[in-house]
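Structural characterization, general
One-letter residues, chain by chain:
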Amino acid sequence: KRTIIIIGSGQGGYQMAASLRDEGFDGRLLLIGDEPGFPYQRPPLSKAYLTGKTVEEALRLRPPAYYADKKIELIEGRRATAIDRAARRVVLNDGQSLVYDELVLATGARNRTLHVPGHDLDGIFYLRTLADAQSLKGSMAGISRAVVIGAGFIGLEFAAVARAAGIDVTVVEATTRPLGRALSPITSQYFVDAHEAWGTRFVLGTGISHFDGVGGQVTHVVTQDGQQLAADLVLVGIGVLPNQELAAEAGLACENGIVVNQFLRTEDPHVSAIGDCCLYPSFFAAGPTRLESVQNAVDQARNVAARLMGRPTPYAGIPWFWSDQGDLKLQIVGLTGGHDSAVVRGDPAGRKFSVFCFGNGRLLGIESINQAGDHMAGRKLLAGHHDLTPDKAVDLEFDLRLYAK
Ligand code: FAD
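Now for a look at the structure at hand.

1. Quick notes on the environment of Gly27
Position of Gly27 among the secondary structure elements: in the loop between helix 1 (11–22) and strand 2 (28–33). With 25 residues separating them along the chain, Gly27 and Arg2 place their C-alpha atoms 5.1 Å apart. With sequence-adjacent residues up to four places away left out, Gly27 is seen in contact with Lys1, Arg2 and Arg21.

2. What about the site of the ligand?
Lining the immediate surroundings of the ligand are 34 residues, of which Gly12, Asp34, Glu35, Lys47 and Arg128 lie closest. The side chain of Lys47 places a nitrogen or oxygen atom 2.6 Å from an oxygen atom of the ligand. In this structure, an oxygen atom belonging to the ligand sits 2.7 Å away from a side-chain N or O atom of Asp276. Considering the ligand on its own, with 1,000 Å² of exposed area, one finds that the protein chains cover 95% of that surface. At the level of secondary structure, the elements contributing two or more residues to the shell around the ligand comprise helix 1, strand 2, helix 9 (294–308) and strand 23 (320–325). Here the shell around the ligand gets 3 residues from one element, more than from any other, and that element is helix 1. When residues of the shell around the ligand are sorted by domain, at least three fall in each of domain 1 (3–110 + 240–308) and domain 2 (113–236).

3. Overview of unusual backbone geometry
Unlike most non-glycine residues, Lys71 shows phi in positive territory, near 55°. Mapped onto the elements, Lys71 comes out in the loop between helix 4 (65–69) and strand 3 (72–76). With relative accessibility at 63%, the residue Lys71 sits in the exposed group. The phi dihedral of Leu179 falls on the positive side, at around 55°, and the residue is not glycine. Considering the arrangement of structural elements, one finds Leu179 in the loop between strand 11 (168–173) and helix 7 (185–197).

Rules behind the numbers
- Each chain has its residues counted from 1, following the order in which its sequence is written.
- Per-residue local features of the predicted model are confined to residues with pLDDT of at least 70, and side-chain atom pairs are confined, for both listing and counting, to 80 or more; whole-chain, interface and lining totals are unaffected and use all residues.
- No hydrogens and no water enter the side-chain calculation; it runs on all heavy atoms of the structure.
- A helix here means a DSSP run of H or I that spans at least four residues, while a strand means a run of E at least two residues long, and both kinds are numbered starting from the N terminus.
- Residue contacts follow a heavy-atom distance rule, with two residues in contact if any of their heavy atoms lie within 4.5 Å.
- It suffices for a single heavy atom of a residue to lie within 4 Å of a molecule or strand for the residue to be listed as near it.
- Polar contacts, as used here, are pairs of N or O atoms within 3.5 Å; protein pairs need one atom able to donate a hydrogen and one able to accept it. Residues neighboring in sequence count only if both atoms are side-chain atoms.
- The Shrake-Rupley method, run with a 1.4 Å probe sphere, supplies the accessible areas, and residue values consider only the shown protein chains as cover.
- Where each domain begins and ends is defined by an automated method or by a domain database.
- Residue burial is assigned from relative accessible area. The probe radius is 1.4 Å, only protein chains are included, and a residue is buried under 20% of its type maximum, exposed over 50%, and partly exposed in between.

Okay, structure coming up:
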């Protein structure tokens, strides 16, 4: 019987193990993760977990008994330090060495860090793991001023939670457009307006010079244009880097992610990569793509599980993503990055609308705010060969759901 080793026990690694068993894999299955404990979901870490609406046990992807039932050997709190591809062997940081027939890399990504003077003061936080979220949550109680560095999804989700808790929030962003990498100008401006209405202040178009502190505790964030922003707590959310060093050291091609083909296989036929760490050829983008989303990790895991069980198909998952900020539930389907026109369907003032993004007249994606129906229709539209025009998209008399069927 074959042995399959999965490195990384996050969203993608867990799903890989679960899908292999669902597909009937009856060989040895090892899931190696360097974080302590059972696999858990990250999205609530910047949302319900911080507000106290959800507890740690509820973050778990499966209860502990699941792994024993499914004979998934979870090796937690240990790190894979080397891959010997010739011998098909993985070495762990405790010296243990494990032999595989197939290896799946699901190593995810880690936070990009800000190395300016004062970066090691207390009160400066990052958010990726449950451990990060625990310390951040613990430090939010009783503070009055927070500065968020980076207006991406994690920064703005935290800003919404902190404002709702009565904390004074300033967001500093190096570019001039919050969420600019991910969203159309219409939607990103809508989010800026919403955050400002909740009382958050934006400082745009400047980087960070340094942090000031007293007694080892951060007190101010100083921007490159000379503004001194008082802070009891700082959250840095300036993006992530793929965890690809293990693959690179094993001689596998890496760029912005571990390079895989349309079957999510590296140049080594026995090594695959999925999730945040992999750079793959997407049907929805012009070039190789690396996505950071639950959908991407889950769908890629399912695709590789099916291939390892003898049913290969090119990966064609439709990218979708969500973010919750205050009363706004954003859902995105497709990749809207290269769009050249955008139209609005629905009622922005009533906080229910969607932005349909087109490139060369073709629908690339939809950004929906409190409009789950448009989002679901969008998933079907992008899966099929529909020729939705901007005129139809904005026409509320036009039945999108029926058309998408
Ligand atoms: P991960 O879940 O990061 O798992 C990788 C695991 O591998 C980690 O535990 C890592 O420590 C471990 N690892 C790395 N190297 C090694 C090694 N050498 N040996 C052993 N273990 C190793 N996505 C959405 O779609 N919607 C959201 O609303 C959303 N919100 C988010 C909020 C937060 C705060 C964060 C951090 C992420 C959010 N995401 C969201 C993104 C989503 O969680 C990730 O895209 C997803 O977890 C990726 O899964 P993955 O398996 O590729 O990586």
